[in-house]
Amino acid sequence: MAGFPTHSTGFSDALVILGAAGIVIPAFARLRVNPVIGFILVGLALGPHGLGVLVPRWPWLFYLTITDPHAIEPYAEFGIVLLLFAIGLELSFRRLWSMRRQVFGVGAAELILCAAAIGGALMVLGEGVSGSIGLGLALALSSTALVLPMVGTSGAVGGGAFAMLLFEDLALVPIIFALSALGPDTGGGWAAMGLVLLKGGITVAVLLIGGRYALPPLFAQAARTKSPELFLAISLLVVILASIATSAAGLSPIVGALLAGLLIAETDYHTEVEVITAPFRGLALGVFLITVGMSIDLAAIGAQWDSLLMAVVGVVAAKAIVTAVLLRLSGTRTGVAAETGLLMSSPSETTLIVLGAAQTAGLVLPETAAFWQTVTAIGLTITPLLARLGSDISRRVERRQARSIDAAADAGDTPRVLLIGFGRVGRLVASMLVRHDRPYLAVDADVDTVSQARRDGFSVLFGDASRPAMIEHLDLGSAAAVVLTMDDPVAQLRLTHSIRADHPALPIVVRARDARHAADLYRAGATDAVPEQLESSLQLSEAVLTEIGLAVGPVIASIHDKRAEQRAEIKEMGDMREPPKERGRRFRDA
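Residues numbered from 1 in each chain as written. Predicted model: local features only at pLDDT ≥ 70, side-chain atom pairs only at ≥ 80, totals over all residues. Heavy atoms only, no water.

Notes on the sheet that holds strand 1 (residues 417–420)
Here is the rule: Strands are treated as partners if at least two bridges between them are detected by DSSP. Secondary structure counts use DSSP, requiring at least four H or I residues in a row for a helix and at least two E residues in a row for a strand, with both numbered from the N terminus. The axes used here are C-alpha line fits, helices contributing only the stretch in contact, and every angle between their N-to-C directions lies in the interval 0 to 180 degrees.
Strand order across the open sheet formed by six strands is 3-2-1-4-5-6, with parallel pairing between neighbours. What marks the edges here is a single partner per strand, and that holds for strand 3 (460–462) and strand 6 (528–531). Taking each pair of neighbouring strands and ignoring which way they run, the sheet shows an average axis angle of 20°. Alignment of strand 5 (residues 508–512) against strand 6, held across four bridges, turns out to be parallel. For Val 509, the partnering residue across the bridge sits in strand 6 and is Asp 528.

Below you can see the structure in the form of structure tokens.
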């Protein structure tokens, strides 16, 4: 340890960040408080405006505080990059194309109208035209880093919010260049923007073409090694290279991250990549939230609390009303429009970037930019509270006005069956579901099995269901049933017990080796356990009886009776047997 830089600022800040990640999430989860608020409070308490001011008096606080907020800003930016990568993983080019009207229609209208409302109000209050435009565009942006982790990218609220946020992320670079062109010294701003867009378009085209052909074989080789570490390394490498490429072309690195996610989403490995990178996204996002907390100066807020309160309320109200009205006019239900409007009403992490660009261009004074940076930090802090308020309002409105509509919509959706394991047994079950026009989704941990099944037209995901995160991703709560066909008896028992504990009413049908294994599965919570040996014996008996001349009808009836007797005996065995010791890891069908 000699010579190790334990007194360096970087080492101290790393300890604080990692300690916060390890303490804040479980502590606030136990208290049922949103971890977003927890991380912001950590940044506020341990940042330069919190305990950091006491370091000169008590030097030991050096190891418990973050004294250089700028040192961890790159990690916060990397967290946003990983978040956009995760968003891309949930998309596909087909879905993106289907959303073009929402993104470039509703998304563009939301940004322009919110900017116009805020900018117009600032002009009335005495701000100059150029400054009002810059501040209006900056404050009209909403937080991708906070909104999407709370509502996702699908569903009524998540889908609408995602379309608007996606347009804002795509518009970020043009906004920055436009503000530069509006400055007193344009310096060829419009020409520079055109050049960047040209270079960016070429870069994006190269990434799309190259990634489409290079990524599938690359991830296939990584999957065959059965090494999660290699899979993770390749995933992060793809994100970093794509972000570097778009940054070099003059675009935002988040554009490259989004493209990387989109390209991987077109492969068979997107679900596994999403699950395996989730912990890193959470940690990096936590670092970003800590930097938000560190930017809050309580002394400065106390000195001008009335002006800040009016500014925060004004921005939130303007954005919420404009967004809700726009969504309502586009056909969105009232409750969903209100919830989405409140969710999108706070400023964004990218607001800070645009404010910096406006200040650099000479559109706003440094003290004005600092004031609105504080407003942005406060807005980011209250985003979870606004989300909760929006959810409560939405529930009340929907109960009164749209209960019948929701019931009809829910009745029209057919829940799908989830198949875990897709070998010979899983394939047969899927074929029967298709024959009876029932939707399903299968998961298997063998890349070659998944590739062949997809070529044959089956709906199969690559993923390891032994990971709890993968099971959460499959959304068992909305499934019609789950079928376990893996050839691993202990893994089946473990997964059956886990699913039953979380979903008491979900039908669980499991393939069993023999009667004793079936009894253990019933004990673990299976709805039906089908022993292979028993079914083989019954089919053999049926064949013999019909071949020697007995009528088919009575034979089939007797087979059904015998199956019912055997099932009752197996269930009685399940009440008596002790559960076996667990072993095994990966879940896949034989």
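A word on the side chain of Thr 267
To keep things clear, this is the line we draw: We call a residue buried when its accessible area falls under 20% of the maximum for its residue type, exposed when it is over 50%, and partly exposed in between, using a 1.4 Å probe and counting protein chains only. Two N or O atoms count as a polar contact when they lie within 3.5 Å, although within protein this holds only if one can serve as hydrogen donor and the other as acceptor, and sequence-adjacent residues are included solely when both atoms are side-chain atoms. Here, two residues are considered to be in contact whenever any of their heavy atoms come within 4.5 Å of each other.
Structurally, Thr 267 can be placed in the loop between helix 11 (253–265) and helix 12 (270–294). A relative accessible area of 6% places Thr 267 in the buried class. A distance of 3.3 Å separates a polar side-chain atom of Thr 267 from the backbone nitrogen of Tyr 269. What Thr 267 contacts, discounting residues up to four positions off in sequence, is Leu 215 and Pro 216.

Considerations on the pattern of salt bridges
Defined as follows: Whenever Lys or Arg places a side-chain nitrogen within 4 Å of a carboxyl oxygen from Asp or Glu, that contact is recorded as a salt bridge.
Taken as a whole and judged by the stated rule, the model has one salt bridge. Across the pair Asp 392 and Arg 388 runs a salt bridge, and its minimum N-O distance is 3.8 Å. With Asp 392 and Arg 388 both in helix 18 (residues 383–401) and four residues apart, this pair spans about one turn of that helix.

Thoughts on the nonpolar core
The nonpolar side chains of soluble globular proteins are, as a tendency, buried together. Short version of the rule: Take the buried Ala, Val, Leu, Ile, Met, Phe, Trp, Tyr and Cys residues and link them wherever side-chain atoms come within 4.5 Å; each set so joined is a nonpolar core.
In this structure, Phe 219, Phe 231, Trp 372 and Leu 419 are the most contacted members of the largest nonpolar core, which totals 120 residues. The biggest single contributor to this core is helix 8 (residues 155–182), with twelve residues. Setting aside chain neighbours within four positions, we find Trp 372 in contact with Leu 122, Leu 135, Leu 139, Ala 311, Val 315 and Leu 355. Of all hydrophobic cores here, the second largest spans 26 residues; its members include Ile 420, Met 486, Ile 499 and Leu 506.

Here we look at helix 11
Operational definition: Expected span, for any helix, means 1.5 Å times one less than how many residues it has.
The terminal C-alpha atoms of helix 11, which comprises 13 residues, lie 18 Å apart, in line with the 18 Å expected from a rise of 1.5 Å per residue. Burial runs high along helix 11: twelve of the 13 residues are buried. Along helix 11, the residues that are buried comprise Ile 254, Val 255, Gly 256, Ala 257, Leu 258, Leu 259, Ala 260, Gly 261, Leu 262, Leu 263, Ile 264 and Ala 265.

Remarks on the packing of aromatic side chains
For any pair of aromatic rings, geometry is given as the distance between the ring centres together with the angle between the planes. Note the cut-off: Two aromatic rings, drawn from Phe, Tyr or Trp (for Trp, its six-membered ring), form a pair once their centres lie within 6.5 Å of each other, and the interplanar angle then sorts them: stacked below 30 degrees, edge-to-face above 60, tilted otherwise. Any Lys NZ or Arg CZ found within 6 Å of a ring centre and within 35 degrees of that ring's normal is scored as a charge over the ring.
Applying the stated criterion across every chain yields a total of six aromatic pairs. Connected via pairs of aromatic rings, a cluster forms that spans Phe 219, Phe 231 and Tyr 269. Lying over the aromatic face of Trp 58, Arg 57 brings its terminal NZ or CZ to 5.6 Å of the ring centre.

Concerning unusual backbone geometry
Of note, Asp 437 is a non-glycine position whose phi angle comes to about 60°, a positive value. Checked against the element boundaries, Asp 437 lands in the loop between helix 20 (424–435) and strand 2 (440–444). Note on Asp 437: relative accessible area 67%, which makes it exposed.

Topic: the environment of Leu 285
Position of Leu 285 relative to the elements: it lies in helix 12. Owing to a relative accessible area of 13%, Leu 285 belongs among the buried residues under this scheme. Distance in space between the C-alpha atoms of Leu 285 and Glu 77 is 8.7 Å, their sequence separation being 208 residues. Among all residues touching Leu 285, those that are not within four sequence positions of it are Gly 79, Ala 145 and Pro 149.

A word on the layout of surface pockets
To keep things clear, this is the line we draw: Computed over the protein atoms alone on a 1 Å grid, cavities are sets of points where a 1.4 Å probe fits but cannot get out and pockets are open sets with protein on both sides within 12 Å along at least five of seven lines; a residue lines them when it has an atom within 4 Å of a point. Grid points are joined across faces, edges and corners, and a volume is the space filled by probe spheres set on the points. Each residue gets one of three labels, nonpolar for Ala, Val, Leu, Ile, Met, Phe, Trp, Tyr, Cys and Pro, charged for Asp, Glu, Lys and Arg, and polar for the others, Gly among them.
Size it by volume and the second largest pocket reaches roughly 940 Å³. Residue lining of the second largest pocket: 32 residues in total, with Glu 73, Glu 77, Glu 349, Leu 352 and Ile 353 positioned closest to the centre. Every element with two or more residues in the lining of the second largest pocket is listed here: helix 3 (73–89), helix 10 (228–248), helix 11, helix 12, helix 16 (349–360) and helix 17 (366–381). Sort the elements by how many residues they give to the lining of the second largest pocket and helix 3 lands first, with seven residues. In terms of residue class, the lining of the second largest pocket is built from 19 nonpolar, ten polar and three charged.

Digging into the confidence of the model for the protein chain
We apply this condition: As a per-residue measure, pLDDT tells how confident the predictor is, with possible values from 0 to 100.
Predicted confidence across the protein chain gives a mean pLDDT of 77, with 80% of residues reaching 70 or more. Confidence scores differ between elements of the protein chain, with helix 19 (residues 403–412) showing the lowest mean pLDDT of 41 and helix 14 (residues 305–329) the highest of 91. Between residues 401–412, whose pLDDT stays under 50, and residues either more than four places distant or in other chains, the model counts seven contacts. Predicted confidence is poor over residues 576–590, with pLDDT under 50, and the contacts of this stretch with residues over four places away or in other chains come to 59 contacts.

Examining a nonpolar patch on the surface
Put simply, the test is: The patches reported here contain residues having more than 30% relative accessible area and no salt bridge. Joining distances are 9 Å for like charges and 5 Å for nonpolar side chains (Val, Leu, Ile, Met, Phe, Trp, Tyr). Note on areas: these come from Shrake-Rupley sampling with a 1.4 Å probe, and a residue is covered only by the protein chains present in the view.
Judged by side-chain polarity, Leu 15, Trp 58, Trp 60, Tyr 63 and Leu 64 come together as a nonpolar surface patch covering roughly 520 Å² of accessible area. Looking at Tyr 63, the relative accessible area reads 32%, which means it is partly exposed.

Section: the pairing of strand 4 (residues 481–484)
Residues Ala 481 and Val 483 point to one face of strand 4 and Val 482 and Leu 484 to the other, with burial holding for every one of them. Across four bridges, the pairing between strand 1 and strand 4 is parallel. Following the sheet pairing, Leu 418 is matched in strand 4 by Val 482. Here strand 4 pairs with strand 5 via three bridges, running parallel. Residue pairing across strands places Leu 484 opposite Val 510, the latter belonging to strand 5.

What to know about the environment of Arg 94
With respect to the helices and strands, Arg 94 occurs in helix 4 (residues 93–98). Each C-alpha atom, one on Arg 94 and one on Glu 266, is 9.5 Å from the other, the two residues being 172 residues apart in sequence.

Re the environment of Ile 37
With respect to the helices and strands, the residue Ile 37 is situated in helix 2 (residues 35–46). Taking relative accessible area as the criterion, Ile 37 reaches 17% and is therefore assigned buried. Along the chain, Ile 37 and Pro 384 lie 347 residues apart, while their C-alpha atoms are 7.4 Å from each other. Excluding anything up to four places from it in sequence, Ile 37 contacts Thr 381, Pro 384 and Leu 385.

Some details on the packing of helix 14 against helix 15 (residues 334–343)
Convention followed: Definitions for this section: a left-handed crossing has its near helix turned counterclockwise from the far helix by less than a right angle. A right-handed crossing has that turn clockwise.
Between helix 14 and helix 15, the least distance of the axes is 8 Å, while the angle of their chain directions is 145°. The two elements helix 14 and helix 15 cross, and the hand of that crossing is right-handed. Contact with helix 14, carried on its side by Lys 319, Ala 320, Thr 323, Ala 324, Leu 327 and Arg 328, involves Thr 334, Ala 337, Ala 338, Thr 340, Gly 341 and Leu 342 of helix 15 and no other residues of that element. Residues belonging to the contact of helix 14 with helix 15 are distributed by class as follows: six nonpolar, four polar and two charged.

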